[in-house]
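Residues per chain are reported as follows:
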Amino acid sequence: MRTLFLTIVFFFVCKSNAQNVTADQVDALTYDAYLKSDFKTIKEIGTKALHDNIDFYLLRYRLGIAYYNSHNYEMAATHFEKAYATDASDMALAEYLYYAYLFSNQKASALVLAQKLPQELQDKMGYKTSIFESISLEAGMLNTNNYSAFKYKNISAPYTNSQGTFYNDVQFANLTFISQLNPKLRWTNYVSFATNSYHELIQTTLPNNSKLDISDSSSYYQWNSVLQYTYNKWNIAIGTGGYYSSYITYTIAPPFPIPNTIITQKTTNSNYSGSIAIGRHFHYMEPTIAFSYSNLSETKNYISEAGLTYFPFGNLAFYGNTKIALVSNEFENNTIYSQLIGVKLSEKIWLEGYGATGNHQNYLAEGGILSFNTPNKINWYAGSNLNFYFKKVDFSLGYILQQREGTYSNTLNPTTVQTNQFTYTYNLIKTKITWKF
């Protein structure tokens, strides 16, 4: 009752004559509310006091604790920062600030702070100076009925000849090394390998119906390196990447039709990319802009991307990421929209849902680590991850439904060609395990 009475008096005095409200009154009210763990009152009185230019160390400290216990770690970090700037000798305050940083997605700020703290407190918080942060291994398979849908189908009618490449299942594995070179500098190295089986279908109706079905596979390798520097809530990332692929093409040598000589040619492509991204952490959000260049598909590709990561409740229990990107080259301009939503299901389990739409061919994101260097373009995808977080190991299970677009050709003679488009879907199942050091 005493807190309620003083609060009513406080707001009445504020309304009638704000200049009569003193820091001592605010101190008494917030201290009384703190003793009763009445965090709602602390936030109400403290917010009004700051609005009236009443600001002092203990007010910020109590506001920080009030927001921390309300799981709004974003606002808690803001008030703890103000208190810590006034007096950095309180180790309990430093510990509060460290965890408020971590729980509001400000890991670099947490590491910078922890480095300054006494060894005893570092040990208590589990802070280590190891240069190795984590190693992740991800593997999966993309399954499709693309080939089975066409292998018994007459794709040449009403023309005399047809030819198409129909891609089948894909297996892939990724390895990621993350190093924390110092609290402000993070280095990510990513290596990926994939193999894609496919069938070359060649059909003719002259002089007799005949079909040639050649099975083969293509290989794909990728390496990326990204350096990320954080200073005063700004993030700058510079990345480079190398991409290597090999596959075999089959061509019917004229004169038409089959039987003819099949020309077999092995093709290898070596490509590269470079990127830069700049972002900043604000209250409840982190906007980022990124620019990339690559010569994937043997064209000059320019990628511009704007993204926004947001934490509407000031914590990691619910978050989202929205991005829009433009991929431009000498042939076309493609716009891609992406969305991710994450929610905490329990103390150790998070669920993420995500999707994107737009022609993804030659699209690069995350410093080139997320690359769409695929033989057929991706029109859209949607998926989810179930993530398990433990002290030393993280584990993830994921599923993605992906639509791609392919083509095959019909011919009457070498100079009369009709190109036909078709769509097919991939079902991707993947798993990922991360060891943390």
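Structure shown above.
The structure displayed is predicted, hence computed values, not measured ones.

Engineer: Tell me about the overall build of the chain, residues and numbers included.
Structural biologist: The helix and strand inventory of the chain stands at nine helices and 16 strands. For 437 residues, the compact-globule formula gives about 22 Å, and the C-alpha radius of gyration of the chain, at 29 Å, lies well above that figure. Across the 437 residues in the chain, those meeting the buried criterion constitute 47%. Total accessible area on the chain stands at roughly 22300 Å², and carbon and sulfur atoms take up 60% of it. With 32 positive and 30 negative side-chain charges, the chain shows a separation of 2 Å between the mean positions of the two kinds.

Engineer: Can you break down the packing of helix α2 (residues 23–35) against helix α3 (residues 39–51) residue by residue, with the values?
Structural biologist: Two numbers describe how α2 lies on α3: the axes approach to 9 Å, and their chain directions differ by 160°. One element, α2, and the other, α3, form an angle in the roughly antiparallel class. Where α2 crosses over α3, the handedness of that crossing is left-handed. Together, Val26, Leu29, Thr30, Ala33 and Tyr34 of α2 and Thr41, Ile42, Ile45 and Ala49 of α3 make up the contact between the two elements.

Engineer: How would you sum up the pattern of salt bridges? Please name residues and give values.
Structural biologist: Overall, the coordinates contain 13 salt bridges when judged by the stated rule. Salt-bridge contacts for Arg62 lead to Asp27; the nearest nitrogen and oxygen are separated by 2.6 Å. Taken together, the positions of Arg62 in helix α4 (residues 57–69) and Asp27 in helix α2 put the pair 35 residues apart, joining distant regions of the chain. In this structure, Arg186 engages Glu133 in a salt bridge whose closest nitrogen and oxygen atoms are separated by 2.6 Å. Here Glu133 lies in strand β1 (residues 132–143) and Arg186 lies in strand β3 (residues 185–204), a separation of 53 residues in the sequence. Taking relative accessible area as the criterion, Arg186 reaches 26% and is therefore assigned partly exposed. Under the relative-accessibility criterion, Glu133 is labelled buried at 13%. It is possible to trace a salt-bridge network through shared partners that takes in Lys107, Glu133 and Arg186.

Engineer: Run through the side chain of Asn196, naming residues and quoting values.
Structural biologist: On the secondary structure map, Asn196 appears in strand β3. For Asn196, the side chain forms a polar contact with the main-chain oxygen of Asn168, separated by 3.3 Å. Only 3.3 Å separates the side chain of Asn196 from the backbone oxygen of Asp169, close enough to count as a polar contact.

Engineer: Describe the packing of aromatic side chains, naming the residues involved and giving the relevant values.
Structural biologist: Enumeration according to the criterion identifies 28 aromatic pairs in this entry. With a centroid separation of 4.8 Å and an interplanar angle of 55°, the aromatic rings of Phe150 and Phe422 are classed as tilted. Taken as a pair, Phe150 in helix α9 (residues 146–150) and Phe422 in strand β16 (residues 416–436) lie far apart in primary sequence, 272 residues in all. With relative accessibility at 9%, the residue Phe422 sits in the buried group. Three or more aromatic residues joined by ring pairs form one cluster here, namely Tyr57, Tyr61, Tyr68, Tyr73, Phe80, Tyr96, Tyr98, Tyr99 and Phe103. Just above the ring of Phe282 sits the side chain of Arg280; from NZ or CZ to the centre is 4.7 Å.

Engineer: If you had to explain the side chain of Asn362 to someone new, which residues and values would you point to?
Structural biologist: If you trace the backbone, Asn362 turns up in the loop between β11 (349–357) and β12 (364–365). Among the polar contacts listed, one links the side chain of Asn362 to the side chain of Ser297, at a separation of 2.8 Å. Those residues in contact with Asn362, other than ones at most four positions away along the chain, are Leu296, Ser297, Thr299, Asn301, Ile303, Val327, Asn329 and Phe372.

Engineer: How would you summarise the pairing of strand β6 (residues 262–280) if you had to cite specific residues and measurements?
Structural biologist: Regular strands place side chains that alternate from one sheet face to the opposite one. Where strand β5 (residues 234–252) and β6 come together, 19 bridges link them in antiparallel fashion. Along β6, the bridge assignment pairs Thr240 with Gly274. As paired strands, β6 and strand β7 (residues 285–294) are joined by seven bridges and run antiparallel to one another. Considered in β7, the bridge of Ile278 is made with Ile289. Count of turn residues in the β6/β7 antiparallel hairpin: four residues, of which Tyr284 carries a positive phi of about 70°.

Engineer: I'd like a description of α4, backed by residues and values.
Structural biologist: Along its 13 residues, α4 runs 19 Å from first to last C-alpha, staying within 8% of the 18 Å computed at 1.5 Å per residue. The inward-facing, buried residues of α4 abut α2, α3, α5 (73–86) and α6 (91–102). Positive backbone phi, approximately 65°, marks His71, located one or two places after α4.

Engineer: Residue-level account of a nonpolar patch on the surface, with values.
Structural biologist: Among the surface-exposed residues, Tyr229, Tyr231, Trp234, Ile236, Ile238, Ile276, Ile278, Ile289 and Phe291 lie close enough to one another that they form a single nonpolar patch of about 840 Å² accessible area. Broken down by secondary-structure element, the contributors of at least two residues to the nonpolar patch are β4 (210–231), β5, β6 and β7. Tracing the chain through its elements places Tyr229 in strand β4.

Engineer: Break down the pairing of strand β9 (residues 318–328) for me, with residues and values.
Structural biologist: Here strand β8 (residues 301–310) pairs with β9 via nine bridges, running antiparallel. Along β9, the bridge assignment pairs Ser304 with Leu326. Taking the residues between adjacent antiparallel strands as the criterion, β9 and strand β10 (residues 333–344) are bridged by four residues.

Rules behind the numbers
- Residues numbered from 1 in each chain as written.
- Predicted model: local features only at pLDDT ≥ 70, side-chain atom pairs only at ≥ 80, totals over all residues.
- Heavy atoms only, no water.
- Helix = DSSP H or I, 4+ residues; strand = E, 2+ residues; numbered from the N terminus.
- Rg over C-alpha atoms; globule rule 2.2 N^0.38 Å.
- Buried < 20%, exposed > 50% of the residue type's maximum accessible area, 1.4 Å probe, protein only.
- Areas by Shrake-Rupley, 256 points an atom, 1.4 Å probe, with all protein chains shown as cover.
- Lys, Arg positive; Asp, Glu negative; His and termini not counted.
- Charge placed at Lys NZ, Arg CZ, Asp CG, Glu CD.
- Axes fitted to C-alpha atoms, helices over the stretch in contact; angles between N-to-C directions.
- Parallel < 35°, antiparallel > 145°, perpendicular 65-115°, else oblique.
- Left-handed = near helix turned anticlockwise from the far one by under 90°.
- Contact = heavy atoms within 4.5 Å.
- Salt bridge = Lys/Arg side-chain N within 4 Å of Asp/Glu carboxyl O.
- Polar contact = N/O pair within 3.5 Å; in protein donor to acceptor, adjacent residues only side chain to side chain.
- Phe/Tyr/Trp six-rings, centres within 6.5 Å; stacked < 30°, edge-to-face > 60°.
- Lys NZ or Arg CZ within 6 Å of the ring centre and 35° of its normal.
- Pairing = 2+ DSSP bridges.
- Expected span 1.5 Å × (residues − 1).
- Patch = residues over 30% accessible without salt bridge, like charges linked within 9 Å, V, L, I, M, F, W, Y side chains within 5 Å.

Read these as geometric descriptors, not functional statements.
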